[in-house]
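# Structural features, examined
Below, each chain spelled out in residue letters.
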Amino acid sequence: MMGAMIQIDASVSPLNRDDMFRGVKDALPVVVAFVPFALLLGNQAGQKGLTAGEVPLLTGLNFGGGSEFAALAIWTDPPHALLILCVTLLVNSRHFLMGAAFAPYLQAFSRRQVLPWLFFMCDESWAMTLAEARRQRRNLLSPGYYLGVALPLYTVWVSFTLIGALTGHLIKDPTRYALDMAFPAVFLVLLRGMWKGPRMALPWLMSLGVAVMTYLLIPGAWYVPAGSLSGIVAAWLMVSAR
């Protein structure tokens, strides 16, 4: 049913240069906000004993800031690989939902095209690209715009986490300079761009409430899937009640 509703926009090519430049331009404020948070993560990784070669592997192969911070929080010497793997999977479980939201906008592309693109997906590139498709009233994702947003974010994240690891000895307590507030500020801006009214925010509030309660009552990263699933249930109940 959903696939039949998708209309291919022939004006959108996989590497539309204008869309890519527009994506880069729109991503610049977020790129700037990435810098202090990447430095903070690199700083923590260096303090945990990761080398300058290991930090880019951590951030480049697992492009998800939340799961990387969670992994470092439980990092030991030697590391408990299975525990870190499970926590990373839990924190990154939101990407299943993000990918599902993307799916209707990817019907015109092959799996060979889509999978490399999705490797660079993070919360910010997902939210900005989805908002752009809806703003332009397109039923097809613009790969040029998406890559214009995602690639600079990826490059800056990996580069500045490495710089943070190399210069970590210069800043002993990054939170003293409020560097840890960069991402919350970015997320607030992204949420504002996706605002559709108080009623449509109810699943967000349900997800937030359950995530906070789970975080306070249950150790570990269970608040991530708990918040995600509760938001899905709330959204499903809203649609069913119509």
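All values derive from a computational prediction rather than experimental measurement.

### Digging into the environment of Leu118
Looking at where Leu118 falls in the secondary structure, it is placed in helix 7 (residues 111–119). By relative accessible area, which is 29% here, Leu118 ends up partly exposed. Sequence spacing of Leu118 and His95 is 23 residues, and the spatial spacing of their C-alpha atoms is 9.8 Å. In contact with Leu118, not counting residues within four places along its chain, are Phe102 and Tyr146.

### Digging into helix 3 (residues 54–61)
All buried positions along helix 3 are accounted for by Val55, Leu58, Thr59 and Gly60. Where helix 3 is buried, its residues meet helix 2 (17–47), helix 4 (65–73), helix 7 and helix 9 (143–166).

### What about the confidence of the model for the protein?
As a general rule, the predicted coordinates of low-pLDDT regions are not to be interpreted in detail. In the predicted model, the protein carries a mean pLDDT of 80, and the fraction of residues at 70 or more is 79%. Here helix 1 (residues 2–5) stands out as the element of the protein with the lowest mean pLDDT, 32, in contrast to helix 9, whose mean of 94 is the highest. Here residues 1–12 is a poorly scored stretch, pLDDT under 50, and it has 17 contacts once near neighbours within four places are set aside; other chains count.

### Here we look at the packing of helix 7 against helix 9
For the pair helix 7 and helix 9, the least separation of the axes is 10 Å and the interaxial angle reads 35°. Contact with helix 7, carried on its side by Trp117, Leu118 and Phe119, involves Pro143, Tyr146, Leu147 and Tyr154 of helix 9 and no other residues of that element. Taken together, the residues of the contact of helix 7 with helix 9 break down into seven nonpolar, no polar and no charged.

### Thoughts on the packing of helix 2 against helix 4
In the contact formed by helix 2 and helix 4, the axes pass within 10 Å of each other and the chain directions differ by 25°. Taken together, the axes of helix 2 and helix 4 are roughly parallel relative to one another. Here the hand of the crossing between helix 2 and helix 4 comes out left-handed. Two secondary-structure elements touch here, helix 2 through Phe37, Leu40, Leu41, Gln44 and Ala45 and helix 4 through Glu68, Phe69 and Leu72. Of the residues assigned to the contact of helix 2 with helix 4, the class counts are six nonpolar, one polar and one charged.

### Concerning the nonpolar core
Ranked by size, the top nonpolar core spans 43 residues in total, and within it Phe34, Phe63, Phe102, Trp126, Tyr146, Leu153 and Trp157 carry the most contacts. At 11 residues, helix 9 tops the list of elements feeding residues into this core.

### Some thoughts on a nonpolar patch on the surface
A cluster of nonpolar side chains, contributed by Leu202, Leu205, Leu208, Val212, Met213, Tyr215, Leu216, Leu217, Ile218, Trp222 and Tyr223, occupies part of the molecular surface with about 1,200 Å² of accessible area. Here the nonpolar patch gets eight residues from one element, more than from any other, and that element is helix 11 (residues 202–217). Turning to its location among the elements, Leu217 is positioned in helix 11. Given the relative accessible area of 63%, Leu217 is considered exposed.

### A look at the packing of aromatic side chains
In this structure the tally under the stated criterion is nine aromatic pairs. Centre to centre, the rings of Phe37 and Trp157 are 6.5 Å apart; their planes meet at 35°, and the pair counts as tilted. Separated by 120 residues along the polypeptide, Phe37 in helix 2 and Trp157 in helix 9 bring together distant segments of the chain. Ring centres 4.9 Å apart and planes at 90° place the aromatic pair Phe120 and Tyr154 in the edge-to-face group. Of the two residues, Phe120 sits in the loop between helix 7 and helix 8 (123–135) while Tyr154 sits in helix 9, which places them 34 residues apart along the sequence. A network of ring pairs unites the aromatic residues Phe34, Phe37, Phe69 and Trp157 as a single cluster.

### Considering the pattern of salt bridges
Here the structure, examined in full by the defined rule, presents three salt bridges. Arg22 is paired through a salt bridge with Asp19; the nearest N and O atoms lie 2.6 Å apart. Here Asp19 and Arg22 lie together in helix 2, a separation of three residues that amounts to about one turn. Exposure remark for Asp19: the relative accessible area of 5% places this residue in the buried category. Of the charged contacts, one joins Arg135 and Glu132 as a salt bridge, the two residues approaching to 2.5 Å between their closest N and O atoms. Separated by three residues within a single helix, Arg135 and Glu132 lie in helix 8, roughly one turn from each other. Salt bridges linked by common partners bring Asp19, Arg22, Glu132 and Arg135 together as one network.

### Side note on the environment of Gly99
Tracing the backbone shows Gly99 in helix 6 (residues 94–102). The class for Gly99 is partly exposed, based on a relative accessible area of 22%. Between the C-alpha atom of Gly99 and that of Met121, which follows or precedes it by 22 residues, the distance is 9.0 Å.

Calculation rules
Residues numbered from 1 in each chain as written. Predicted model: local features only at pLDDT ≥ 70, side-chain atom pairs only at ≥ 80, totals over all residues. Heavy atoms only, no water. Helix = DSSP H or I, 4+ residues; strand = E, 2+ residues; numbered from the N terminus. Buried < 20%, exposed > 50% of the residue type's maximum accessible area, 1.4 Å probe, protein only. Contact = heavy atoms within 4.5 Å. pLDDT = per-residue confidence, 0-100. Axes fitted to C-alpha atoms, helices over the stretch in contact; angles between N-to-C directions. Nonpolar A, V, L, I, M, F, W, Y, C, P; charged D, E, K, R; others polar. Parallel < 35°, antiparallel > 145°, perpendicular 65-115°, else oblique. Left-handed = near helix turned anticlockwise from the far one by under 90°. Core = buried A, V, L, I, M, F, W, Y, C linked by side-chain atoms within 4.5 Å. Patch = residues over 30% accessible without salt bridge, like charges linked within 9 Å, V, L, I, M, F, W, Y side chains within 5 Å. Areas by Shrake-Rupley, 256 points an atom, 1.4 Å probe, with all protein chains shown as cover. Salt bridge = Lys/Arg side-chain N within 4 Å of Asp/Glu carboxyl O. Phe/Tyr/Trp six-rings, centres within 6.5 Å; stacked < 30°, edge-to-face > 60°.

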